[in-house]
Amino acid sequence: MSNPGLQQLWFTRCPVPTATGLAYKLGWLEQEFAPDGIAVATLQEQPAGSGLARHHYDHDLPELIREGGNMLALAARAQGADTRLIGLTWIDEGQAIIVRAGSGLRQAAQLKGLRVALPAYVDHPIAAHVRGCSIARGMTLHGVKGVLAFAGLSFDDVRLVEVEAALRRDGPAGGLQGLWAGLEHLAAGRVDAVYVKGAAALDAARRLGLEVGIDIDALPQRYRVNNGTPRPITVHRHLLEEHPELVARFLAQGLRAADWAAGNLEGVQRVLQDETRGSAQAVSEAYRDGFHQALHPDLSPERLALLRRQADFLLLHGFLDADIDLDAWTDHRPLAAARLLLLEREAA
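Now for a description of the structure that goes with this document. These numbers were taken from a predicted model, which means no experiment stands behind them. (Residues numbered from 1 in each chain as written. Predicted model: local features only at pLDDT ≥ 70, side-chain atom pairs only at ≥ 80, totals over all residues. Heavy atoms only, no water.)

A look at the nonpolar core
Alright, step 1. Grouped together as the largest cluster of nonpolar side chains are 102 residues, with contacts concentrated most on I97, I98, L111, W180, L183, V196 and Y287.
Alright, step 2. If one sorts the elements of this core by residue count, helix α10 (residues 244–262) sits on top with 9 residues.
Alright, step 3. Residue contacts for I98: discarding those within four places in its chain leaves L183, L186, D192, A193, V194, V196, L202, A205, L210, E211, V212 and G213.
Alright, step 4. Judged by nonpolar contacts, the second largest core, of 6 residues, contains A41, L43, L52 and L61. (Core = buried A, V, L, I, M, F, W, Y, C linked by side-chain atoms within 4.5 Å. Buried < 20%, exposed > 50% of the residue type's maximum accessible area, 1.4 Å probe, protein only. Helix = DSSP H or I, 4+ residues; strand = E, 2+ residues; numbered from the N terminus. Contact = heavy atoms within 4.5 Å.)

Some words on the pairing of strand β10 (residues 231–236)
Alright, step 1. Within β10, 6 of the 6 residues are buried, leaving the element largely enclosed by the surrounding structure.
Alright, step 2. Of the two faces of β10, the one lined by R231, I233 and V235 and the one lined by P232, T234 and H236 are each fully buried.
Alright, step 3. Note that strand β3 (residues 64–67) and β10 share 3 bridges and pair antiparallel. For I65, the partnering residue across the bridge sits in β10 and is V235.
Alright, step 4. Where strand β4 (residues 83–89) lies against β10, 6 bridges are found, and the strand directions are antiparallel. Across the sheet, G87 pairs through a bridge with I233, a residue of β10. (Pairing = 2+ DSSP bridges.)

Remarks on the sheet that holds strand β5 (residues 96–100)
The strands making up a sheet are joined through hydrogen bonds of the backbone, oriented either antiparallel or parallel.
Alright, step 1. Taken in spatial order, the 3 strands line up as β8-β5-β9 in an open sheet, and their pairing is antiparallel. Unpaired on one side and paired on the other, β8 (194–196) and β9 (210–215) mark the two borders of the sheet. Taken over all neighbouring pairs, the strand axes of this sheet differ in orientation by 40° on average, direction set aside.
Alright, step 2. Contacts from helix α5 (residues 135–150) reach β5, β8 and β9 within the one sheet, and its direction differs from that of β8 by about 110°.
Alright, step 3. Where helix α8 (residues 199–207) meets the sheet, its contacts fall on β5, β8 and β9, and the angle it forms with β9 comes to roughly 130°. (Axes fitted to C-alpha atoms, helices over the stretch in contact; angles between N-to-C directions.)

Focus: the packing of aromatic side chains
Alright, step 1. Here the structure, examined in full by the defined rule, presents 5 aromatic pairs.
Alright, step 2. Centre to centre, the rings of F11 and Y24 are 5.0 Å apart; their planes meet at 65°, and the pair counts as edge-to-face. Placement of F11 in strand β1 (residues 8–13) and of Y24 in helix α1 (residues 19–25) is noted, with a sequence separation of 13 residues between them.
Alright, step 3. Judged by its relative accessible area of 0%, F11 is buried.
Alright, step 4. Pairing Y121 with F319 gives two aromatic rings, centres 6.0 Å apart and planes at 40°, and the pair type is tilted. You can see Y121 sitting in the loop between β6 (115–119) and α5 and its partner F319 sitting in the loop between α13 (301–316) and α14 (326–329), a full 198 residues away along the chain.
Alright, step 5. Residue Y121 is classed as partly exposed on the basis of its relative accessible area of 49%.
Alright, step 6. We classify F319 as buried; its relative accessible area is 1%.
Alright, step 7. Every member of this aromatic cluster is reached through a ring pair, and the members are F11, Y24 and F250. (Phe/Tyr/Trp six-rings, centres within 6.5 Å; stacked < 30°, edge-to-face > 60°.)

Details of helix α11 (residues 265–276)
Alright, step 1. The end-to-end C-alpha distance of α11, which contains 12 residues, comes to 16 Å, matching closely the 16 Å that a straight helix rising 1.5 Å per residue would cover.
Alright, step 2. Turning to α11, its buried residues number three or more, namely G267, V268, V271, L272, E275 and T276. Each buried residue of α11 lies within a common arc of 145° when the element is viewed along its axis, so the set occupies one face. Facing away from the buried side of α11 by over 90 degrees, the exposed positions are E266 and R270.
Alright, step 3. Just past α11, the residue R277 takes up positive phi, approximately 60°. (Expected span 1.5 Å × (residues − 1). Arc of directions from axis to C-beta.)

Concerning the pattern of salt bridges
Pairing between side chains of opposite charge can happen when their charged atoms approach one another.
Alright, step 1. Counted under the stated rule, the structure contains 20 salt bridges.
Alright, step 2. With its nearest N and O atoms 3.5 Å apart, the salt bridge here joins K197 to E93. Taken together, the positions of K197 in the loop between β8 and α8 and E93 in the loop between β4 and β5 put the pair 104 residues apart, joining distant regions of the chain. Per residue, the accessibility class of K197 equals that of E93, and both read buried.
Alright, step 3. Here R237 makes a salt bridge to E241, at a shortest N to O gap of 2.9 Å. Here E241 and R237 lie together in helix α9 (residues 237–242), a separation of 4 residues that amounts to about one turn.
Alright, step 4. Sharing partners across several salt bridges, the network here consists of E32, D36, R249 and R345. (Salt bridge = Lys/Arg side-chain N within 4 Å of Asp/Glu carboxyl O.)

Concerning the sheet that holds strand β2 (residues 39–42)
Alright, step 1. If you trace the 5 strands from one edge of the open sheet to the other, you get β2-β1-β3-β10-β4, paired in mixed fashion. Single-partner strands in this sheet number two, and they are β2 and β4. Going from strand to strand, the sheet's axes swing by 20° on average, the running direction of each strand aside.
Alright, step 2. The sheet contacts of helix α4 (residues 70–78) involve β3, β4 and β10, and relative to β10 the element is tilted by about 40°.

What to know about the pairing of β6
Alright, step 1. With 4 of 5 residues buried, β6 is to be regarded as a mostly interior element.
Alright, step 2. In terms of strand pairing, β6 meets strand β7 (residues 159–163) through 5 bridges, oriented parallel. Along β7, the bridge assignment pairs A117 with V161.

Here's what the structure looks like:
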């Protein structure tokens, strides 16, 4: 392999199951690009004072590939980020309505008339300019809306109680559990229900003596659309135009990792304890039902339609500066090239 004139390839991902994260943890991304003299690094492991962390939010780094929540990807694109959508995944990851133990709340219809926590808008210390960084509020609104809609209800049928949503740095999960400050309000009796997502949130609820009332992952797909469902893979247009073969090779290692994950549940769960900062119990609760067999990205019409649903919701509720032209944003070529590359390597 020859060096295509690039010395550094960056990627970033959220603390959730991703093929990118697996490929990195398995060492496959480093192995793929080392012969070219290209270093592969993740924004999550850079020093706090480097100034690079903000690019997870604004994607203003030409050598960056991102696999993460759609709120930030869509918000950055709405503000003019020069990115392209090159893949979508759908991983159910423990969306739930948490209640006090013994409440008896198990059905969506039982939310009628109750107080539901709504995280306040928060100015992110790195990306206050990106509307989508009020992640907890956006996820809660769509999560609660989905549960209510499933029961034929709307926001008019509950009382949304605004709670603080400070990004905490302490505790075993750092800032993640700070997204769900409503859990403390729930434990204190100030609200009756809290939307959460992910392994760390389930750990936090358990420590406070709370329990899952409604398992949102068990609802039909259209009621589960949210920040991570579907989850986009985006790339800066400059990298895609100047080095399309590198983007294809990067995606190929993600597809390879997804293939590995499909037959290695225990290995995936071990990686996820580090990725999600959750306990082994919480990881097994949040990620189940064969999730490890569905890490492969695609750009199917079905997933694009679900992303359209999410974008419409975010625009309606003020999380986007402008609408998104999904057709103009989407580029099918890199994923097709990655699949072809894997087939050629398997045949060699």
